[in-house]
Amino acid sequence: MIDLLIKKQQSLKNDILSGLTVALALIPEAIAFSFVAHVDPRVGLYAAFMVGLITAVFGGRPGMISGATGAVAVIFAPLVIEQTAAFGMATALNALFVAVIIMGLLQCLFAFFRWGKFVRLIPHPVMFGFVNGLAIVIFKAQFSQFYVGSGASAQLISGMPMVVMLALIALTMAIIQFLPKLTTVVPATLVAIVSVTALAMGLQTAGFEIYTVLDFIQRMDPTKTTLAVGFPTFILPQISWSLIVTVFPYAFLAAAVGLIESLMTLTLVDELTDTRGRGNKESFGQGLANIINGFFGGMGGCAMIGQSMINIRAGGRGRLSGITAAVSLLIFILFTASLIEKIPLAALIGVMFMVSIATFEWSSVRLFKKIPRSDFVVIFLVSVTTVLVDLAVAVLVGIVVSALSFAWKQSRQIEHQRQQKQDGTTCYLLKGALFFGSCSTFKAIFEYKNDADRVTMDFTHARVCDHSGIEALQFVIQRYAKLQKKVNLINIGQDCAALLTQAEMDVEMQVSELKRWRVADDRLA
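One structure accompanies this document, and this report is about it.

Quick notes on the rules
- Residues numbered from 1 in each chain as written.
- Predicted model: local features only at pLDDT ≥ 70, side-chain atom pairs only at ≥ 80, totals over all residues.
- Heavy atoms only, no water.
- 1 Å grid on protein atoms, 1.4 Å probe; cavity = no way out; pocket = protein on both sides within 12 Å on 5 of 7 lines; lining within 4 Å.
- Points joined across faces, edges and corners; volume = space filled by probe spheres on them.
- Helix = DSSP H or I, 4+ residues; strand = E, 2+ residues; numbered from the N terminus.
- Nonpolar A, V, L, I, M, F, W, Y, C, P; charged D, E, K, R; others polar.
- Axes fitted to C-alpha atoms, helices over the stretch in contact; angles between N-to-C directions.
- Parallel < 35°, antiparallel > 145°, perpendicular 65-115°, else oblique.
- Left-handed = near helix turned anticlockwise from the far one by under 90°.
- Contact = heavy atoms within 4.5 Å.
- Buried < 20%, exposed > 50% of the residue type's maximum accessible area, 1.4 Å probe, protein only.
- Pairing = 2+ DSSP bridges.
- Core = buried A, V, L, I, M, F, W, Y, C linked by side-chain atoms within 4.5 Å.
- Arc of directions from axis to C-beta.
- Right-handed = clockwise from strand over helix to strand, strands pointing away.

Here's the deal with the layout of surface pockets
Where empty space is left in the structure can be found by rolling a water-sized probe over the atoms.
For step 1, the next point in the chain: Volume-wise, the largest pocket comes out at about 1400 Å³.
For step 2, the next point in the chain: Taken together, 42 residues make up the lining of the largest pocket; nearest its centre are Gly-306, Gln-307, Met-309, Ile-310 and Ala-358.
For step 3, the next point in the chain: Listing elements by their share of the lining of the largest pocket, those giving two or more residues are α1 (12-37), α3 (70-87), α5 (124-141), α6 (160-182), α7 (188-205), α9 (241-273), α11 (305-313) and α14 (345-359).
For step 4, the next point in the chain: Looking at the lining of the largest pocket residue by residue, the class counts come to 28 nonpolar, ten polar and four charged.

This is the structure in structure tokens:
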């Protein structure tokens, strides 16, 4: 995604300062993502603290920031809405916490089976489509904040309150966009929140109606009168088999989406810092964090691309940067809750609009005429599927379509050169991959009746990839055998030779000791 290498040395000072910067920027995003999930903001704040701290300690990518995210919030929002409408907020939160625990267990299983290496199988167009769809979903989710009331009684804000809200949203976005051009000493997001909040308080004094975080809290639960929080406390959710069946689909999707976003963020940070994270260890850290979240009242989360970028660019390289960010966040929400609940909804909507704009890969639009048409189709398909279905299904669809497109292209790329040797043999110089998609082309290459009694296949630039390839090769050998002609394979790679030997193929082979194909293994994960 990003080719720029950020060369900054790890240091205690850089980790602490970058962690403080990230913590200040985490507060408004955690609250805004709580809105997306339709839960009390403290649920998102607790999640940001616990996920951030635990993954910083146990995760596989030092310098990467995790917390409450829009990707996970979007998955759990329908569950919360459905349970709240049917049974009330208390039951909805219980269902959410059970789902988060199951989400964490699934992620730990992913780590146990060492599947982190497979993130490298996600094509770049799928990544583009993934972040584009995520940006659209987050943007779309903000429009629910333009309504007052809940359920069927919800009404669109109108008149002067709507004008004021739109003006404050525009001001928030303008500050975030243009302040970094003047100074980067303080986070633009924090400046925007503080400035717009101060202006909103002045407008309230002048008699204007301003909708704040406290209004949202009371909309979700009329009994709540404050955002004031203490330390996260242990909660033992009520679990039943019927509840597990209800929440499992949401938990599975959240686990998949969380790991995809986390491992893609890990890959991005690897590229930026020229280092290598450990995908399986990060999967375990994410799973452990979400399990603990479920027992301490958090909504779950995963790695955050935006906050990780802030941390890396500010010089954060070690685990201390993530630990500092999480601990500082907790300190802020323990002692400044009375100020946080006065933040206008417009400011948080503006922040999330800017997050959506920054998340969207605009380069994928500019590259329309510069990339293969199939890649652009994958980007578009994944983006649309993300918006209409969910992130996990979108990534799966993108991978399948990319794989089919690749297989189709490779099936047409079996090349050969037929030579008559002086010793009376016919030699075929092969180039390409012999797999299920190219078998028909491979079988049609040979001139069975016109070839000499001894035929040589040179695999210097070719390889057998799967069972279909073995069957195709067996077909050709048997076809020659019926004509009393013998086949010899030369320059076979060691992995291909092992594949053919395992299939008990009766053919002479000359194995090349120098020819090795690099494959993904657990040492890289």
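Once you've had a look at it, read on.
Side note on the packing of α5 against α14
For step 1, the next point in the chain: Close contact between α5 and α14 brings their axes to 8 Å; oriented N to C, the two are set at 165 degrees. By the criterion of interaxial angle, the relationship of α5 to α14 is roughly antiparallel. At the point where α5 passes α14, the crossing takes the left-handed sense. Facing Val-131, Leu-134, Ala-135, Ile-138 and Phe-139 of α5, the residues of α14 in contact are Met-352, Phe-353, Ser-356 and Thr-359.
For step 2, the next point in the chain: When its residues are assigned to classes, the contact of α5 with α14 shows seven nonpolar, two polar and no charged.

Considerations on unusual backbone geometry
The phi angle of most residues is negative, glycine excepted, and most peptide bonds adopt the trans form.
For step 1, the next point in the chain: The backbone of Arg-114 shows a phi angle near 55 degrees, a positive value even though the residue is not glycine.
For step 2, the next point in the chain: Tracing the sequence through the fold places Arg-114 in the loop between α4 (89-112) and α5.
For step 3, the next point in the chain: The backbone phi angle of Asn-491 is positive, close to 55 degrees, even though this residue is not glycine.
For step 4, the next point in the chain: On the basis of relative accessibility, which here comes to 22%, the residue Asn-491 falls in the partly exposed class.

Here's the deal with the pairing of strand β5 (residues 415-420)
For step 1, the next point in the chain: When β5 meets strand β6 (residues 426-434), the two strands line up antiparallel, connected through six bridges. Considered in β6, the bridge of Arg-418 is made with Tyr-428.
For step 2, the next point in the chain: Adjacent in sequence and paired antiparallel, β5 and β6 are bridged by five residues, among which Gly-424 carries a positive phi angle near 90 degrees.

Here we look at the nonpolar core
For step 1, the next point in the chain: In terms of nonpolar packing, the biggest core is built from 90 residues, with Phe-76, Leu-96, Met-165 and Met-299 touching the most fellow members.
For step 2, the next point in the chain: Among the elements that line this core, the one with the most residues is α4, at eleven residues.
For step 3, the next point in the chain: What Phe-76 contacts, discounting residues up to four positions off in sequence, is Leu-96, Ala-99, Val-100, Met-103, Tyr-250, Ala-251, Ala-254 and Met-299.
For step 4, the next point in the chain: Core analysis: the second largest hydrophobic core is formed by 28 residues, Tyr-448, Val-464, Val-476 and Ile-492 among them.

Describing helix α20 (residues 494-502)
For step 1, the next point in the chain: Those residues of α20 lying buried are Cys-496, Ala-497 and Leu-500. Viewed end-on, α20 has its buried residues packed into an arc of 100 degrees, placing them on one side of the element. Facing away from the buried side of α20, by more than 90 degrees, are the exposed residues Thr-501 and Gln-502.
For step 2, the next point in the chain: Those residues of α20 that are buried are in contact with β7 (454-464), α19 (467-482), β8 (486-492) and β9 (508-511).
For step 3, the next point in the chain: With its phi angle positive at about 55 degrees, Glu-504 sits one or two positions after the end of α20.

Re the packing of α9 against α11
For step 1, the next point in the chain: For the pair α9 and α11, the least separation of the axes is 10 Å and the interaxial angle reads 20 degrees. Classified by the interaxial angle, the pair formed by α9 and α11 is roughly parallel. At the point where α9 passes α11, the crossing takes the right-handed sense. Across the interface between the two elements, Glu-261, Thr-265, Leu-268, Val-269, Leu-272 and Thr-273 from α9 touch Ile-305, Ser-308, Met-309 and Ile-312 from α11.
For step 2, the next point in the chain: Taken together, the residues of the contact of α9 with α11 break down into six nonpolar, three polar and one charged.

Re the pairing of β8
For step 1, the next point in the chain: Among the seven residues in β8, five count as buried, and that is most of the element.
For step 2, the next point in the chain: As paired strands, β7 and β8 are joined by five bridges and run parallel to one another. Its bridge partner lying in β8, Thr-456 is registered against Asn-488.
For step 3, the next point in the chain: Once the chain exits β7 it traverses α19 before rejoining the sheet at β8, and the crossover so formed is right-handed.
For step 4, the next point in the chain: One ladder, built from three bridges, connects β8 with β9; its direction is parallel. Bridging from a neighbouring strand, Leu-489 pairs with Met-509 of β9.
For step 5, the next point in the chain: The parallel pair β8 and β9, bridged by α20, forms a crossover whose chirality is right-handed.

Re the sheet that holds β6
For step 1, the next point in the chain: Sheet architecture is open: five strands sit in the order β5-β6-β7-β8-β9, paired in mixed fashion. Because the sheet does not close on itself, it has two edges, and the strands there are β5 and β9. The average angle at which neighbouring strand axes cross in this sheet is 20 degrees, direction not considered.
For step 2, the next point in the chain: Contacts from α19 reach β6, β7 and β8 within the one sheet, and its direction differs from that of β7 by about 170 degrees.

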